[in-house]
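Fold and geometry: a report
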Amino acid sequence: MQQHLTRAEQANLIAGHAVAYATAYLDDRHTAQQLADNADRLFLDLLVINNPETSAFLVPVQLLAVTMMRTARCARDLSQWPSQEDRWQAVMAALVELVIQESRQLKKDGA
């Protein structure tokens, strides 16, 4: 028996992937290149799933994906901007928390 995920469930799954990708980098389990590759993958996933039902929930995930890309770029160019990586990592960590909170709220709301 095959079950299909609802749009909200798909969005929540993508949110989980975003959190996993970001935390893998923040915990030094992934490189900056892996972070960039994962952000690219997220952008593609977000294009497919974004619709009126999921758009509000996905805004923090979109922000996290953009932050992941910016952090990866700063990490690769540390000779030019050594302090920017720390700032972008702090933003990424805050967005991870926001995505987790939004995901929990989505589950409470019955998605």
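Quick note: structure is the one above.
All values reported here derive from a predicted model rather than from experimental measurement.

The rules behind these values
- Residues numbered from 1 in each chain as written.
- Predicted model: local features only at pLDDT ≥ 70, side-chain atom pairs only at ≥ 80, totals over all residues.
- Heavy atoms only, no water.
- Salt bridge = Lys/Arg side-chain N within 4 Å of Asp/Glu carboxyl O.
- Buried < 20%, exposed > 50% of the residue type's maximum accessible area, 1.4 Å probe, protein only.
- Axes fitted to C-alpha atoms, helices over the stretch in contact; angles between N-to-C directions.
- Helix = DSSP H or I, 4+ residues; strand = E, 2+ residues; numbered from the N terminus.
- Parallel < 35°, antiparallel > 145°, perpendicular 65-115°, else oblique.
- Left-handed = near helix turned anticlockwise from the far one by under 90°.
- Contact = heavy atoms within 4.5 Å.
- Nonpolar A, V, L, I, M, F, W, Y, C, P; charged D, E, K, R; others polar.
- Core = buried A, V, L, I, M, F, W, Y, C linked by side-chain atoms within 4.5 Å.
- Expected span 1.5 Å × (residues − 1).

A separate point is the pattern of salt bridges. If the charged atoms of two oppositely charged side chains come close together, the side chains can form a pair. Applying the stated criterion across every chain, the model contains one salt bridge. A salt bridge links Asp27 to Arg29; its shortest N-O distance comes to 3.3 Å. The exposure class of Arg29 is exposed, given its relative accessible area of 52%.

The next thing to look at is the packing of helix H2 (residues 32-49) against helix H3 (residues 55-76). The geometry of H2 relative to H3 is characterised by a closest axis approach of 8 Å and an angle of 155 degrees between their N-to-C directions. The angle between H2 and H3 falls in the class roughly antiparallel. Where H2 crosses over H3, the two elements pack in a sense that is left-handed. Taken together, the residues of H3 that come into contact with H2 (itself represented by Ala32, Gln33, Leu35, Ala36, Asn38, Ala39, Asp40, Leu42, Phe43, Leu46 and Ile49) are Leu58, Val61, Gln62, Ala65, Val66, Met68, Met69, Thr71, Ala72, Ala75 and Arg76. Of the residues assigned to the contact of H2 with H3, the class counts are 16 nonpolar, four polar and two charged.

Turning to the packing of helix H1 (residues 7-26) against helix H4 (residues 84-108), a few remarks are in order. Where H1 contacts H4, the two axes come as close as 10 Å, and the packing angle between them is 150 degrees. Taken together, the axes of H1 and H4 lie roughly antiparallel to each other. Relative to H4, H1 is oriented so that their crossing is left-handed. When H1 is examined against H4, the residues Ala8, Asn12, Ala15, Val19, Ala22, Thr23, Tyr25 and Leu26 are found in contact with a partner set consisting of Glu85, Gln89, Met92, Ala93, Val96, Val99, Ile100, Ser103, Leu106 and Lys107. Split by residue class, the contact of H1 with H4 holds 12 nonpolar, four polar and two charged.

Tracing the backbone shows Asn12 in helix H1. On the accessibility criterion, Asn12 (14% relative accessible area) is buried. Each residue touching Asn12, except ones within four places of it in the same chain, is listed here: Phe57, Ser103, Leu106 and Lys107.

Attention now goes to the nonpolar core. By size, the foremost hydrophobic cluster in this structure holds 28 residues, and its most contacted members are Leu42, Leu58, Val61, Leu64, Met68 and Met92. Those elements that provide at least two residues to this core are H1, H2, H3 and H4. In contact with Leu64, other than residues within four places in its own chain, are Ala18, Val19, Ala22, Met92, Leu95, Val96 and Val99.

A few words on H1. Helix length check: H1 (20 residues) gives 29 Å between terminal C-alpha atoms against 28 Å at 1.5 Å per residue, within 8%. Looking only at H1, the buried set comprises Ala8, Ala11, Asn12, Ile14, Ala15, Ala18, Val19, Tyr21, Ala22, Ala24 and Tyr25. Of the surrounding secondary structure, the elements contacted by the buried residues of H1 are H2, H3 and H4. Directly beyond the C-terminal end of H1, a positive phi value near 65 degrees is found at Asp28.

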